[in-house]
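Structural characterization, general
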Amino acid sequence: MSTPSTLYIGMMSGTSMDGVDGVLADFAGGAIRTLQAAFVPFPATLRADLMALQSSGDNEIAREALAAAQLTGCYAECVAALLPAAPGPVQALAAHGQTVRHRPELGYTRQLNHPALLAELTGIDVIADFRARDVAAGGQGAPLVPAFHQACFGQAGQTRVVINIGGIANISVLHADGSVSGFDTGPGNVLMDHWIGLHQGKAYDADGAWAASGRSDPALLGILLDEPYFRLAAPKSTGRDLFHADWLAQRLAQAGAMPAEDVQATLTALTAVSIARAIGQQASEVEAVYVCGGGAYNGALLRALAQALGGKTRVETTDALGVAPNHVEALAFAWLGYRFTRREAGNLPLVTGAKGPRILGALYPA
């Protein structure tokens, strides 16, 4: 029997629903190396279809199946962009899928995907459906990245916090003793993206420039932070099922009229303060935090985070640890695919609340 390749492709399409991030990774000798990265934006029609599937509607089963096939085409395009950089055969593609519902308290999470079609289109083994086994074992199914953050960024004798700010934000606290804690803190970019889309027709607030033109409103921020989710004990996870347009509209109605840019500034503060409070509960003495995900490119958000942390904690991106912020999640799922192939657990029960370590994923052979 031939020795398995150490080359994997990981692909992630997150809550922001902007497209597919992919990496070609090499895990030879236990190292974690990114050889190439690619991004495939979603067509506007696909993004609209995925957004519509966030809530119930007519003919959902057919609409979901058609959206899954179109999404898989984006995954296949991402694979095609990465393969020329591969120095040998790729062992497997690890494809997260697009979360359209996340209700672990009801025993399910739903990631839209068509891994059988992806195996057909690429001729490469596909590993998918990473979250379902953790949920079946009583866990939240999220966040799954803390185990990877420990493997990639952990440092013995030093406490580090890694903050992933996608549509939803989550933290991984890599404690000096080697233990790991973490959970979804609440909104990342999801509400900011919604608000600028509503008022300026833009997909996101580039560098937080619009937020920086406004002023955070203390009364509105207090209303937003009164959300019970923020007071829940971990393990916990969340998504668009909670933090959506109607959630925001209800709270804006309580606060009264204000300039749109002030709302944007307040939503930026909401993300920063909710993250900072979570860090304060888990690692109050940490000297530096490292941000990844799309939020790492929002200067106004990073400044707000530094302020919310009291100005004593350095706020850096994962570039300082050797991995580009927009590559981290795709690399994490490549690593989870690698763990699956080796029949090694990918979850952390203390993070997700699962009954124990579980091998995550399902295999669709080429």
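Residues numbered from 1 in each chain as written. Predicted model: local features only at pLDDT ≥ 70, side-chain atom pairs only at ≥ 80, totals over all residues. Heavy atoms only, no water.

1. Digging into the overall build of the protein chain
Stated formally: Numbering of helices and strands runs from the N terminus; a helix is a DSSP stretch of H or I covering at least four residues, while a strand is a stretch of E covering at least two. We take the radius of gyration over the C-alpha atoms and set the globule estimate at 2.2 Å times the residue count to the 0.38 power. We call two residues in contact whenever any of their non-hydrogen atoms come within 4.5 Å of each other. Charged residues are defined here as Lys and Arg on the positive side and Asp and Glu on the negative side; His and the ends of the chain fall outside this count. We put the charge of a Lys on NZ, of an Arg on CZ, of an Asp on CG and of a Glu on CD.
Secondary structure summary: the protein chain contains 13 helices and 13 strands in total. Radius of gyration (C-alpha) of the protein chain: 20 Å, near the 21 Å computed for a compact globule of 366 residues. Along the first, second and third principal axes, the C-alpha set of the protein chain runs to 65 × 55 × 35 Å. In the protein chain, of all internal contacts separated by at least 6 residues, the share reaching a separation of at least 24 is 68%. Here the protein chain contributes 24 positive and 31 negative side-chain charges, whose respective centroids are spaced 5 Å apart.

2. Considerations on the UniProt feature "binding site: ATP" (unreviewed entry) in the protein chain
This is how the line gets drawn: UniProt positions are given in the numbering used here, feature names are shortened, and annotations may be inferred rather than shown by experiment. Three exposure classes are used, based on accessible area relative to the maximum for each residue type with a 1.4 Å probe and protein chains only: buried under 20%, partly exposed in between, and exposed over 50%.
Using the residue numbers shown here, the UniProt feature "binding site: ATP" (unreviewed entry) corresponds to G14, T15, S16, M17, D18, G19, V20 and D21. Structurally, T15 is set in the loop between β1 (7–12) and β2 (19–26). For T15, a relative accessible area of 24% gives the class partly exposed. When near neighbours in sequence (up to four residues on either side) are disregarded, T15 contacts Q98, G167, I168 and R240. By the element assignment, S16 lies in the loop between β1 and β2. When residues no more than four places from it in sequence are discounted, the contact partners of S16 are R47, G166, G167, N189, D193 and R240.

3. Comments concerning the environment of T72
Within the secondary structure layout, T72 lies in helix α2 (residues 60–82). Once the C-alpha coordinates of T72 and H114 are considered, the two residues, 42 residues apart in sequence, prove to be 6.0 Å apart. When neighbours within four sequence positions are excluded, T72 is seen to be in contact with N113, H114, L117, L118 and L121.

4. Considering the pairing of strand β3 (residues 33–41)
Consecutive residues of a regular strand have side chains that alternate between opposite faces of the sheet. Quick note on the threshold: For two strands to count as paired, DSSP must find a minimum of two bridges between them.
Two elements, β2 and β3, share eight bridges in a ladder whose sense is antiparallel. Within β3, the position partnered with A25 by the bridge is T34. Here β2 hands over to β3 after six residues, with G29 in that stretch at a positive phi of 65°.

5. Notes on the pairing of strand β10 (residues 180–187)
Counted residue by residue, β10 has eight buried out of eight residues, so it is predominantly covered. Pairing of strand β9 (residues 168–174) with β10 involves seven bridges; the strand directions are antiparallel. Of the residues in β10, the one forming a bridge with I171 is F183.

6. Details of the packing of helix α1 (residues 44–52) against α2
What counts, and what does not: Lines fitted to C-alpha atoms define the axes here, with helix axes fitted over just the stretch in contact, and angles between the N-to-C directions of these axes take values from 0 to 180 degrees. If an angle is under 35 degrees, it is roughly parallel; if it is over 145, roughly antiparallel; if it lies from 65 to 115, roughly perpendicular; otherwise it is oblique. Here is the rule for handedness: rotate from the far helix to the near one, and if that takes an anticlockwise turn smaller than a right angle the crossing is left-handed, while a clockwise turn gives right-handed. Residue classes follow a fixed rule: Ala, Val, Leu, Ile, Met, Phe, Trp, Tyr, Cys and Pro count as nonpolar, while Asp, Glu, Lys and Arg count as charged, and any other residue, Gly among them, counts as polar.
Taken N-terminus to C-terminus, the directions of α1 and α2 make an angle of 135°; their axes are 10 Å apart at the nearest point. Relative to α2, the element α1 lies oblique. As for the relative orientation of α1 and α2, their crossing is left-handed in sense. Here α1 contributes T45, L46, D49, L50 and A52 to the contact with α2, which in turn contributes R63, A67, Q70, L71 and C74. Class assignment of the residues belonging to the contact of α1 with α2 gives a composition of six nonpolar, two polar and two charged.

7. Things to note about the side chain of Q111
Just so we agree on the cut-off: Throughout this description, a polar contact denotes any pair of N or O atoms lying within 3.5 Å of each other; where both atoms belong to protein, one of them has to be capable of donating a hydrogen while the other can accept it, and for residues adjacent in sequence the pair is counted only when both atoms sit in side chains.
With respect to the secondary-structure elements, Q111 resides in strand β6 (residues 108–112). Its relative accessible area of 12% is what places Q111 among the buried residues. Separated by 3.1 Å, the side chains of Q111 and T99 make a polar contact. Only 2.9 Å separates the side chain of Q111 from the side chain of T109, close enough to count as a polar contact. Other than its neighbours up to four places away in sequence, Q111 contacts H96, G97, Q98, T99 and R131.

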